Amino acid sequence: MIATLLVFRGRVQAFFEKNYRVIRGLLKGVVVLLSLLVLATVFPQGIFAQMPWIFLIAAIICGLSPDVVAIATVMGDIVVEIWNVSYILAFTMMMIFFVYLLLFGRKTKSQWYLILAIPLFSVLKVGFLVPVIAGLFLGPGMIPALMMGIILRFGMEGVAEYTATARGVMTDTNPFSSLKYLIDYLATNRLLLVALIVYVATFLVIYLLRKANFRYSPQIAILTGCIVLYTLEMVSNIIWQLELDLLLTSLLVILTMVIAYIVQFFRLSLDYHGTRKLQFEDDEYYYYVTAIPKYNVAVAQNEVTRIVSEDEADETDTEEETQDTENL
């Protein structure tokens, strides 16, 4: 069984490496299309809900464009839909994004992927997958993005609830009534606090364990992280009486664990652009190897070090001494 999986992984790796650009562009377009469709379900009365053909055009453009275009497209759709509800809320959301961009967002695009993944995956009921997968690949510098994604998730839920159940407030002469409604919604929402605690704790546990120097650390990190996640969810349910569906929560945690193990299984084969650090040993030595992709290394930096045994080294020294004697 394991041999069959390894053969399959090798074939997937070869196909992925051969068609990397095409597959990545196709997957990016599909992800953008699904993201826009999910947002249409969150804002069923939105501007683009009745024009799904726009989503297909946007997905094609994003698939052929740099990643920043895809991020900007999804972010722009969120802002436009919120603007359709309240321009005060949209302006506030843009200011929050702008402040975050100045503080953290300039470092890496991965932060924006993480911010968008949380609300989108939560709509699909697989939000637990985000901190587990993020802990396997990202570092603690992504914690602000994790928290920002949670705030965005509940902010979108608050805007959707305001649209559905508080339309009477929209006729109020006070233009800040929608903002007050959203602030009250976030301040009194216990699920927001629970999500912040659970996601950050799960992320840190998985990150610390997978960075530990012992065998099968990523696999153990996934298992331990899912246990921590489930335990915190259950404890929060008891303390704050959140009325969670225990069966559904248990199934979602198991599903998250299975998907995380699948991702971990394919990670080394498909993610061939990153630096790899390996450790192995024999009867006499420990070996520590750092493998760096060729495109990351300048030609002048390429160095080859030949490791020889002591006997070979003595023979080499003897030959050099003989040559020196002959020269004299």
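A. Summary view of the overall build of the protein. Looking only at helices and strands, one finds 14 helices and 2 strands in the protein. When the 328 residues of the protein are sorted by exposure, 36% land in the buried category. Long-range contacts, defined as pairs at least 24 residues apart, comprise 68% of the intrachain contacts of the protein with a sequence gap of at least 6.

B. Structural detail: the confidence of the model for the protein. On average, residues of the protein carry a pLDDT of 81, and 80% of them reach 70 or more. Within the protein, helix H11 (residues 190-211) carries the highest mean pLDDT (93), whereas helix H9 (residues 167-170) carries the lowest (50). Across residues 269-274 the pLDDT falls below 50, and counting only partners more than four positions away or on other chains, this stretch makes 17 contacts in the model. The model gives residues 295-300 a pLDDT under 50, and that stretch makes 4 contacts with residues more than four places away or in other chains.

C. Quick look at the packing of helix H4 (residues 67-85) against helix H6 (residues 110-123). Two elements in contact, H4 and H6, have axes whose closest approach is 11 Å; the angle formed by their N-to-C orientations is 35 degrees. For the pair H4 and H6, the crossing hand works out as left-handed. In contact with Asp67, Ile71, Val74, Met75 and Ile78 of H4, H6 contributes Trp112, Tyr113, Ile115 and Leu116. Of the residues belonging to the contact of H4 with H6, the class tally is 8 nonpolar, no polar and 1 charged.

D. Inspection of the pattern of salt bridges at higher detail. Following the criterion strictly, the structure yields 4 salt bridges and no others. Asp67 is paired through a salt bridge with Arg24; the nearest N and O atoms lie 2.8 Å apart. Of this pair, Asp67 sits in helix H4 while Arg24 sits in helix H2 (residues 20-42), and the two are 43 residues apart along the sequence. Residue class for Asp67 comes out buried when judged on its relative accessible area of 8%. Linked through salt bridges whose partners overlap, the residues forming this network are Arg24, Lys28 and Asp67.

E. Representation of the nonpolar core. Counting residues in each nonpolar core, the largest one holds 69 residues, and the members touching the most others are Ile78, Ile82, Leu114, Ile115, Leu116, Leu146 and Leu152. The greatest single-element share of this core, amounting to 10 residues, is contributed by helix H8 (residues 143-165). Beyond its immediate chain neighbours, meaning those up to four positions away, Ile82 contacts Phe43, Leu89, Ala90, Met93 and Val159.

F. View of a negative patch on the surface. Side chains of Glu281, Asp282, Asp283 and Glu284 sit close together on the surface and give a patch of like negative charge. Of note, Glu281 is situated in strand S1 (residues 276-281).

G. Highlighting unusual backbone geometry. In this structure, Lys125 takes a positive phi of about 70 degrees despite not being glycine. Along the chain, Lys125 falls in the loop between H6 and helix H7 (129-137). By relative accessible area, which is 57% here, Lys125 ends up exposed. For Gln241, which is not a glycine, the phi torsion comes out positive at approximately 50 degrees. Mapping Gln241 onto the fold places it in the loop between helix H12 (217-240) and helix H13 (246-270). The exposure class assigned to Gln241 is exposed, which follows from its relative accessible area of 66%.

H. Seen up close, the environment of Gly29. Tracing the chain through its elements places Gly29 in helix H2. For Gly29, a relative accessible area of 11% gives the class buried. Those residues in contact with Gly29 that sit more than four places away from it in its chain are Ala59 and Gly63.

I. Region of interest: the side chain of Glu81. Along the chain, the position of Glu81 falls in helix H4. Residue classification places Glu81 among the buried residues on the basis of a relative accessible area of 2%.

J. Structural detail: the packing of H8 against helix H10 (residues 177-187). The contact between H8 and H10 brings their axes to 9 Å, and the two run at 125 degrees. In terms of their interaxial angle, H8 and H10 are classed as oblique. For the pair H8 and H10, the crossing hand works out as right-handed. Contacts between H8 and H10 involve Phe154, Gly155, Glu157, Gly158, Val159, Glu161, Tyr162 and Thr165 from the former and Ser177, Ser178, Tyr181, Leu182, Tyr185 and Leu186 from the latter. Residues of the contact of H8 with H10, tallied by class, amount to 7 nonpolar, 5 polar and 2 charged.

K. Summary view of the packing of aromatic side chains. A complete count under the given rule lists 4 aromatic pairs for this structure. When the centroid spacing of 5.7 Å and the interplanar angle of 85 degrees are considered together, the rings of Tyr100 and Trp112 count as edge-to-face. Of the two residues, Tyr100 is situated in helix H5 (residues 87-105) and Trp112 in helix H6; the sequence distance between them amounts to 12 residues. Feature note: the residues Phe97, Tyr100 and Trp112 constitute an aromatic cluster, connected by ring pairs.

L. Spatial organisation of H7. For H7, the tally of buried residues reaches 8 of 9 residues, placing the bulk of the element in the interior. Buried residues of H7: Leu129, Val130, Pro131, Val132, Ile133, Ala134, Gly135 and Leu136, and no others.

Reading the values: rules and limits
Residues numbered from 1 in each chain as written. Predicted model: local features only at pLDDT ≥ 70, side-chain atom pairs only at ≥ 80, totals over all residues. Heavy atoms only, no water. Helix = DSSP H or I, 4+ residues; strand = E, 2+ residues; numbered from the N terminus. Buried < 20%, exposed > 50% of the residue type's maximum accessible area, 1.4 Å probe, protein only. Contact = heavy atoms within 4.5 Å. pLDDT = per-residue confidence, 0-100. Axes fitted to C-alpha atoms, helices over the stretch in contact; angles between N-to-C directions. Left-handed = near helix turned anticlockwise from the far one by under 90°. Nonpolar A, V, L, I, M, F, W, Y, C, P; charged D, E, K, R; others polar. Salt bridge = Lys/Arg side-chain N within 4 Å of Asp/Glu carboxyl O. Core = buried A, V, L, I, M, F, W, Y, C linked by side-chain atoms within 4.5 Å. Patch = residues over 30% accessible without salt bridge, like charges linked within 9 Å, V, L, I, M, F, W, Y side chains within 5 Å. Areas by Shrake-Rupley, 256 points an atom, 1.4 Å probe, with all protein chains shown as cover. Lys, Arg positive; Asp, Glu negative; His and termini not counted. Charge placed at Lys NZ, Arg CZ, Asp CG, Glu CD. Parallel < 35°, antiparallel > 145°, perpendicular 65-115°, else oblique. Phe/Tyr/Trp six-rings, centres within 6.5 Å; stacked < 30°, edge-to-face > 60°.

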